[in-house]
There are 2 protein chains.
Amino acid sequence: MKAIAVEPGAGVPEIVDLPVPDPAPGEALVRICRVGVDGTDYEVIEGSHGGVPDGDDRLVLGHEAVGVVEDANGTALEEGQYVVPTVRRPPAGTETNEYFERGEPDMAPEGEYVERGIVGEHGFMAEYITSPAEDLVPISDDLAEWGFLVEPISITEKAIEHARAARSAFDWQPESALVLGNGSLGLLTAAMFTTTPDYERVYCLGRRDRPDPSIDILERLGVTYIDSRETSVPEIPDAYEPMDVVYEATGYPKHPFEAVDALAPNGVAAVLGVPDDMHFEIDGGKLHRELVLHNKALVGSVNSNRGHFESAIDTLAALPDWVLEEIVTGVYGLDAVERAFPRATAAVPAGHGAATGADDDTTIKTAVEFDGI
Amino acid sequence: MKAIAVEPGAGVPEIVDLPVPDPAPGEALVRICRVGVDGTDYEVIEGSHGGVPDGDDRLVLGHEAVGVVEDANGTALEEGQYVVPTVRRPPAGTETNEYFERGEPDMAPEGEYVERGIVGEHGFMAEYITSPAEDLVPISDDLAEWGFLVEPISITEKAIEHARAARSAFDWQPESALVLGNGSLGLLTAAMFTTTPDYERVYCLGRRDRPDPSIDILERLGVTYIDSRETSVPEIPDAYEPMDVVYEATGYPKHPFEAVDALAPNGVAAVLGVPDDMHFEIDGGKLHRELVLHNKALVGSVNSNRGHFESAIDTLAALPDWVLEEIVTGVYGLDAVERAFPRATAAVPAGHGAATGADDDTTIKTAVEFDGI
């Protein structure tokens with residue numbers, strides 16, 4: 001079968017031939033339909049994040065997938081059922097650990113997990129994959145074409161669940177939300193904020209010039225676009241309003257700290273980026289005082305668990321079709337796979353893939369299609 | 001009646017004569033027994049925090065009080081009942097606002113409250129005070145002698161409630177807790193951590209040499225004392241262990257950021273200090289990455305509400321008497337009031353009162369006694 005693999009740091013993925021995998025007991029065989037491409041994939045391609053399985057020199061890419069059960073292999077799944085695989089698995093050579101046992105692999109610390117397509121285990125960019133049945137989340141036929149968006153949406157489901165939990169000790173009624181970053185995750189999150197009744201006013205920070213398709217999407221959603229070159233994050237409360245929620249999806253290391261200034265009293269910032277080291281000066285006294293005197297919170301969040309995937313499927317069903325059609329700017333077969341990775345070149349600069357978004361002005365989110373829906 | 005007031009910035013409090021106040025409808029008249037002194041009082045004395053009521057040039061000090069109902073004035077309180085007053089009230093000239101209406105004045109932003117003895121309304125260091133009956137929390141006769149500790153304990157009750165809430169979206173089983181600061185609030189908090197079943201191992205960071213009474217208390221409690229001059233906060237995970245909870249009670253602006261490094265995966269830091277501005281360099285990229293990849297949280301917390309006072313009374317009842325006797329190093333009548341304020345001098349240096357603790361090596365916590373228990 002064909003798969004898309006990368007030698008980390010090589011700068012470009014390549015199509016390889018691999019045997020169709022055999023499902024072990026408890027696993028199903030899944031025929032992959034579509035797999036999304038995101039900033040983490042570019043970090044793996046560039047070699048700044050992730051790693052190959054022990055003993056391999058290449059990693060099969062892909063962690064945002066939707067496929068169809070080809071062989072249920074005696075599990076409770078039904079053949080022909082569309083499914084979305086979760087990403088984390090127990091480390092090689094182990095069956096499980098406490099985090100997986102309680103259904104919270106997203107809370108496992110380093111060393112207690114591998115991530116398919118990212119670190120330590122092959123991903124989903126292949127014609128067929130196998131997976132434990134409990135890590136395959138069913139999705140209805142009518143949503144399957146967008147099923148590769150379930151994983152990124154689940155990342156936001158978890159982050160927002162944790163952020164809301166951090167405000168659950170009092171009567172919190174958020175009205176305003178600010179998304180930092182207008183890449184595909186930022187856009188999906190802004191769209192989520194507009195389709196729940198929780199937030200009356202939604203803002204999204206980017207640094208792109210009009211006309212721009214991401215700004216068009218935001219404005220059609222009723223989201224206020226803020227150009228970071230005109231208004232810095234700490235200036236946002238005066239220029240717009242203080243924010244009850246800030247959601248950071250830029251990977252820019254100053255943003256978590258600047259977010260404290262952007263928050264309204266009793267607000268919470270969810271931070272999601274995974275940047276490289278960066279030294280800079282802060283007024284730590286002012287930040288400290290702001291956190292305390294206004295009961296503010298900063299919550300880091302990574303990965304997601306099956307419950308978040310299930311919520312994400314409900315969220316996906318509630319998003320307007322036009323949003324999905326506008327965010328997904330291209331779905332490419334293996335014959336045009338290079339178009340699914342427009343930023344991948346052998347000379348790609350290292351680092352900060354997640355922060356910069358697509359290099360050209362029209363690509364927002366791409367996917368590779370292995371088989372039609 | 002006698003009261004202890006200060007002209008902010010004067011550097012020393014003074015005894016003044018004031019009329020006994022008349023309770024308004026809904027208010028009770030309380031005869032004050034004891035009022036604790038803490039770092040915030042010194043900040044008010046120095047003029048770095050707080051402020052006088054409109055139209056006054058002096059502020060009656062004191063926000064950690066216990067007294068006895070002298071005149072219930074038709075409220076549901078009983079005369080002779082010991083009570084502890086809460087601290088926040090609606091701003092002058094207002095009856096209430098949404099935060100007070102829902103019992104959460106601790107979540108009110110600046111401008112939506114005054115604080116008795118701190119900012120905008122006279123405090124409790126007087127022979128008599130009046131207070132709305134709903135802001136007077138009954139305490140049993142046998143605990144009344146320590147009732148001035150209810151307010152500081154309530155500060156920790158709230159901070160820990162908010163910190164735990166921030167971890168309520170997953171199955172969190174903390175075992176280790178680190179208190180930053182061995183002043184009276186740090187010691188009370190360390191004692192609280194040792195008397196709840198939540199934490200198996202408790203640590204407290206200070207910068208004092210043995211022999212020292214605060215270190216003696218910590219060691220008798222089974223708390224591990226960490227000298228910050230030997231082990232910095234980021235070094236604590238290697239030297240001791242990563243911490244599930246960090247509680248910052250130093251007011252040192254580097255501590256909230258260093259706490260991120262001290263935390264175990266999925267840990268939470270509660271920050272409580274109110275420092276002045278302080279600029280310094282951080283590796284913001286590393287901090288950002290640590291917050292995200294290990295699902296860490298930072299939660300600021302200020303003040304407390306009636307529910308936290310009620311919890312604090314239960315907590316006080318559970319603390320061993322010897323801890324209270326060792327922490328409270330002196331209770332002084334008006335004839336020796338200068339001994340209750342050992343750090344107050346006309347030439348006291350500005351700022352950082354809360355961070356430095358008592359100047360001499362034997363004073364931990366003092367109180368002023370207006371009337372015997």
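What counts as what
- Residues numbered from 1 in each chain as written.
- Chains lettered and ligands numbered in written order.
- Predicted model: local features only at pLDDT ≥ 70, side-chain atom pairs only at ≥ 80, totals over all residues.
- Heavy atoms only, no water.
- Helix = DSSP H or I, 4+ residues; strand = E, 2+ residues; numbered from the N terminus.
- Rg over C-alpha atoms; globule rule 2.2 N^0.38 Å.
- Buried < 20%, exposed > 50% of the residue type's maximum accessible area, 1.4 Å probe, protein only.
- Areas by Shrake-Rupley, 256 points an atom, 1.4 Å probe, with all protein chains shown as cover.
- Lys, Arg positive; Asp, Glu negative; His and termini not counted.
- Charge placed at Lys NZ, Arg CZ, Asp CG, Glu CD.
- UniProt positions renumbered as here; feature names shortened; annotations may be inferred.
- Contact = heavy atoms within 4.5 Å.
- Axes fitted to C-alpha atoms, helices over the stretch in contact; angles between N-to-C directions.
- Parallel < 35°, antiparallel > 145°, perpendicular 65-115°, else oblique.
- Nonpolar A, V, L, I, M, F, W, Y, C, P; charged D, E, K, R; others polar.
- Pairing = 2+ DSSP bridges.
- Least-squares fit on C-alpha atoms with pLDDT ≥ 70 in both.
- Salt bridge = Lys/Arg side-chain N within 4 Å of Asp/Glu carboxyl O.

Undergrad: Before we move on, can you summarise the overall build of chain A with the specific residues and values?
TA: Of the regular secondary structure elements, chain A holds eleven helices and 20 strands. Computed over its C-alpha atoms, the radius of gyration of chain A comes to 20 Å, within 12% of the 21 Å expected for a compact globule of 373 residues. For chain A, the C-alpha atoms occupy an extent of roughly 60 × 40 × 40 Å along the three principal directions. Within chain A, the proportion of its 373 residues that are buried is 59%. Only carbon and sulfur atoms are counted for the fraction: they give 44% of the accessible area of chain A, which is about 13,900 Å². Positive and negative charge centroids in chain A, built from 25 and 69 side chains respectively, lie 5 Å apart.

Undergrad: Go over the UniProt feature "binding site: substrate" (unreviewed entry) in chain A with me, naming the residues and quoting the values.
TA: All names here are of chain A. UniProt tags T40, E115, E151 and N303 as "binding site: substrate" (unreviewed entry). On the basis of their most widely separated C-alpha atoms, the annotated residues across 264 residues gather in one place, lying no more than 12.6 Å apart. Tracing the backbone shows E151 in helix α3 (residues 150-165). Excluding its chain neighbours within four sequence positions, the residues that come into contact with E151 are H63, E64, V87 and F309. As for its position among the elements, N303 is in the loop between β18 (297-300) and α9 (306-318). For N303, the contacting residues outside a window of four places in its chain are V87, R88, P105, D106, E115, I155 and K158.

Undergrad: Tell me about the packing of helix α4 (residues 184-195) of chain B against helix α5 (residues 213-221) of chain B, residues and numbers included.
TA: Residues and elements named next belong to chain B. Relative to each other, α4 and α5 sit at 5 degrees, their axes nearing to 10 Å. Compared by their axis directions, α4 and α5 come out roughly parallel. Only S214, I217, L218 and L221 of α5 make contact with α4, whose side of the interface consists of L187, A190, A191 and T194. Residues belonging to the contact of α4 with α5 are distributed by class as follows: six nonpolar, two polar and no charged.

Undergrad: Pulling in residues and values, what's your account of the pairing of strand β1 (residues 2-6) of chain A?
TA: Residues and elements named next belong to chain A. With four of five residues buried, β1 lies mostly within the body of the structure. Inspection of the sheet shows β1 paired to strand β2 (residues 14-17) by four bridges, in the antiparallel sense. Within β2, the residue paired with A5 across the bridge is E14. Summarising the sheet, β1 and strand β4 (residues 59-60) pair through two bridges and their orientation is antiparallel. Residue pairing for β4: A5 is matched across the bridge by V60.

Undergrad: So, the relation of the copies chain A and chain B: which residues are in play, and what are the values?
TA: Mapping chain A onto chain B calls for a screw motion: a turn of 180 degrees about the axis and a shift of 0.0 Å along it, with 0.0 Å RMSD after fitting. Both copies are brought into coincidence by an operation consistent with a two-fold rotation axis. In this assembly the copies share their binding face: 100% of the residues contributing to the interface of chain A also contribute to that of chain B.

Undergrad: Tell me about the pattern of salt bridges, and name the residues and values.
TA: For the coordinates displayed, the defined rule picks out 48 salt bridges over all chains. One salt bridge in this structure joins R89(B) and D135(B), with 3.4 Å as the shortest N-O distance. Here R89(B) is found in strand β7 (residues 88-89), whereas its partner D135(B) is found in the loop between β10 (128-132) and β11 (136-138), with 46 residues between them in sequence. In this structure, K296(B) and E290(B) form a salt bridge, with 2.5 Å as the shortest nitrogen-oxygen distance. Using a relative accessible area of 2% as the deciding quantity, one classes K296(B) as buried. Shared partners join several salt bridges into a network, and the residues in it are E98(A), R102(A), E104(A) and D171(B).

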